[in-house]
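Close look at the chain arrangement
Okay, here's what each chain looks like letter by letter:
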Amino acid sequence: MSRAICVFCSSSNRVDPAYFAAARDLGAALARRGDTLVWGGGKVGLMGEVARACQAHGGGVIGVIPESMQDVEIAYHDADELIVTQTMRERKQIMDERADAFVVLPGGFGTLEELAEILVLKVLKYTDRPLVILNIDGFYDPLHELFEHFIEHRCAGPEYREMYSFVDSIDAVFEALDQAWPSVR
Ligand code: AMP
């Protein structure tokens, strides 16, 4: 069954080449599975890389970009669908509405905010769609430690660990998604 996978990732062009490779591999793998990419609609950084790879392998890509960011992130006009929103909040809302699952590649503050919003929605039981964090070369080890720190200090319960998966390969992303999917939505 074809799914829409929302990918949150860096808009920076200066990140480690290994992260670009991961973005390419993820885009290609999504396309091969017949899944559709939902992403921030930009050509820059890992955002552009994942979309180009997905399209190059025959996958559909749906971009969601705020009007004011079209020049900054260089809107990807070759997307199968490019949704232009008025605000950043509207962007996240549409990405959320269009997605069956969320995958996180290396990224900065924007990616962190996107990830955290989905996690909070899961904690509050607004959704139980899968959230998978691709921890390439240990990039997200500090975030994983921070999550454990929250649990250790009882700011989060141990059951929160069920609401996200940290994985270190593309294959493991899809294993985590396939495991989680019976209970989606
Ligand atoms: P970054 O991880 O900082 O490179 O950002 C990744 C993506 O998140 C970029 O497309 C940003 O435009 C986007 N982003 C940052 N803040 C927000 C927000 N408040 N709502 C929606 N998207 C955001």
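What you see is a predicted model; the values in this text were computed from it and never measured. (Residues numbered from 1 in each chain as written. Predicted model: local features only at pLDDT ≥ 70, side-chain atom pairs only at ≥ 80, totals over all residues. Heavy atoms only, no water.)

Another point: the nonpolar core. Among the nonpolar cores identified, the biggest contains 35 residues, and V7, L26, L37, W39, L105, V173 and L177 are the most heavily contacted of them. Within the residue set of this core, elements represented by two or more residues are β1 (4-8), α1 (17-33), β2 (36-39), α2 (45-56), β5 (101-104), β6 (131-134) and α6 (170-180). A total of 8 residues in this core trace back to one element, the largest contributor, which is α1. Judged by nonpolar contacts, the second largest core, of 25 residues, contains I62, V64, A99 and I118. (Core = buried A, V, L, I, M, F, W, Y, C linked by side-chain atoms within 4.5 Å. Buried < 20%, exposed > 50% of the residue type's maximum accessible area, 1.4 Å probe, protein only. Helix = DSSP H or I, 4+ residues; strand = E, 2+ residues; numbered from the N terminus.)

Spatial ordering of the open sheet is given by β4-β3-β2-β1-β5-β6-β7, a layout of 7 strands whose pairing is parallel. Edge positions in the sheet fall to β4 (81-85) and β7 (165-167), since each of these pairs with one other strand and no more. Averaged over all neighbouring strand pairs, the angle between strand axes comes to 25 degrees, with direction disregarded. As paired elements, β1 and β5 share 4 bridges and run parallel to each other. Bridge pairing links I5 to A101 in β5. On the sheet, helix α3 (residues 88-98) packs against β1, β2, β3 (61-66), β4 and β5 and is oriented at approximately 160 degrees with respect to β3. (Pairing = 2+ DSSP bridges. Axes fitted to C-alpha atoms, helices over the stretch in contact; angles between N-to-C directions. Contact = heavy atoms within 4.5 Å.)

None of the figures reported here should be taken as evidence of function without further support.
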